[in-house]
Amino acid sequence: MHAMVLRRLKTPLEWMELPDRQPAPGQIRVKISACGVCRTDLHVVDGELAEPRVPIVPGHEIVGRIDALGTGVEGLAIGARVGVPWLGQTCGVCRYCRMERENLCDSPLFTGYTRDGGYATAAIADARFAFPLGERGSDVSLAPLLCAGLIGWRSLVMTGEAERLGLYGFGAAAHILAQVARWQGRSVFAFTRRGDTAGQSFALSLGASWAGSSDDEPPEPLDAAIIFAPLGELVPRALRAVRKGGRVVCAGIHMTDIPTLPYRWLWEEREIRSVANLTRQDGIDFLGLAAQIGIETRTTSYPLEQANEALADLKAGRFEGAAVLVP
Ligand SMILES: [Zn+2]
Ligand SMILES: [Zn+2]
């Protein structure tokens, strides 16, 4: 197998040939046909997460077909198309696993972060954490659903019944979520980097009622906001944009520091909360809904060997939607 490997933090990924791996009991081996590029991958490469591990193969939006089965795998067959997400494994016994909050497991493995991921021609995964994808939709179009869609979905659920929904950072996750939110009958207000008129037009084309810069005030108070951009300064801005009792959901795994803010901006029962990881139930709920809605993802494909270029383009905001690596 081949992979783009992070050998040292803050250095470019390296194209390497690795020995083929065999699935252990309960595992599958997936021949990868597409792997989405997530902002979290940038945080992994830049060493911004709490448990940096190298060498590592990044990538946690894997789409491919099973080409080897470990013993004891049930319900999955050779040749089946599956998605492998960020949540790679949980312990099943800690208090969070027992509370049906496996996203907060005390001893998890995360694909492309603490276990090798999908910037490769093949990956090993725990069969219980892979999602059957069926045959509808192309491999490339489905890849961004595995994290941008899934974490976005969990964030959207956290906003409850919010009708007027603000999305800060209109990238891979928001362009999927805007479609879900519109389908649910919510109004979407899209906030982009200042001067990003292309991003604002993109948001409007997906049904946003309004699009503007992240330092603009929305035309009416929001019921809730989700922050996808990794900028702590957006937290006070979003708090000022939500109504009394409104909620601000921070969807990313890493953010720059949140500036101090006057208590009165939080006052009147406004809330700030973060979203961490996903549960398997989130995946089942969201992937079923995505197929029903007919979510269309906007993707830019890169050959696997150009993973560094894809990451650089993501950092610079040089494409709409999501980047996807194709081996
Ligand atoms: Zn656990
Ligand atoms: Zn991700």
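Residues numbered from 1 in each chain as written. Chains lettered and ligands numbered in written order. Predicted model: local features only at pLDDT ≥ 70, side-chain atom pairs only at ≥ 80, totals over all residues. Heavy atoms only, no water.

An α-helix turns once every 3.6 residues. As a result, residues three or four positions apart point the same way. Within helix H9 (residues 307–316), the full set of buried residues consists of Ala307, Ala310, Leu311, Asp313 and Leu314. Down the axis, H9 shows its buried residues gathered within 165° of arc, on one side only. Where H9 ends, the next residue or the one after it, Gly317, has phi of about 70°, a positive value. (Buried < 20%, exposed > 50% of the residue type's maximum accessible area, 1.4 Å probe, protein only. Helix = DSSP H or I, 4+ residues; strand = E, 2+ residues; numbered from the N terminus. Arc of directions from axis to C-beta.)

Let us look at the environment of Val54. Tracing the backbone through its elements, the reader meets Val54 in the loop between helix H1 (39–45) and strand E4 (62–69). For the pair formed by Val54 and Ser209, sequence separation is 155 residues and the distance between their alpha carbons is 44 Å.

Right, let's get into the sheet that holds strand E10 (residues 164–168). In space, the six strands of this open sheet follow the order E12-E11-E10-E13-E14-E15, with parallel pairing throughout. Every interior strand has two partners, whereas the edge strands, strand E12 (210–213) and strand E15 (271–274), have only one. Direction aside, neighbouring strands of the sheet carry axes that sit 20° apart on average. Bridge count between E10 and strand E11 (residues 187–192): five bridges; the pairing is parallel. When the sheet's bridge partners are listed, Leu165 is paired in E11 with Val188. Its contacts with the sheet place helix H4 (residues 148–158) against E10, strand E13 (222–227), strand E14 (242–250) and E15, and it is angled at close to 160° to E14. Running at roughly 150° to E14, helix H7 (residues 234–241) makes contact with E10, E13, E14 and E15 of the sheet. (Pairing = 2+ DSSP bridges. Axes fitted to C-alpha atoms, helices over the stretch in contact; angles between N-to-C directions. Contact = heavy atoms within 4.5 Å.)

Our next topic: the packing of aromatic side chains. Per the stated rule, a full pass over the model turns up nine aromatic pairs. Their ring planes at 40° and their centres at 6.4 Å tell us that Phe189 and Trp210 sit as a pair that is tilted. Linking Phe189 in strand E11 with Trp210 in strand E12, this pair joins segments that are 21 residues apart in sequence. Here the two residues Phe189 and Trp210 agree in accessibility, since each one is buried. Among the aromatic side chains, those forming a connected cluster through ring pairs are Tyr168, Phe189, Phe191 and Trp210. It is Arg95 that lies over the ring of Tyr96; its NZ or CZ is 5.8 Å from the centre. Just above the ring of Phe129 sits the side chain of Arg280; from NZ or CZ to the centre is 3.9 Å. (Phe/Tyr/Trp six-rings, centres within 6.5 Å; stacked < 30°, edge-to-face > 60°. Lys NZ or Arg CZ within 6 Å of the ring centre and 35° of its normal.)

Moving on, we come to the environment of Ala122. Looking at the secondary structure, you find Ala122 in strand E8 (residues 122–126). Residues Ala122 and Arg21, spaced 101 residues apart in sequence, show a C-alpha to C-alpha distance of 8.6 Å. For Ala122, the contacting residues outside a window of four places in its chain are Met1, Val30, Ile32 and Gly117.

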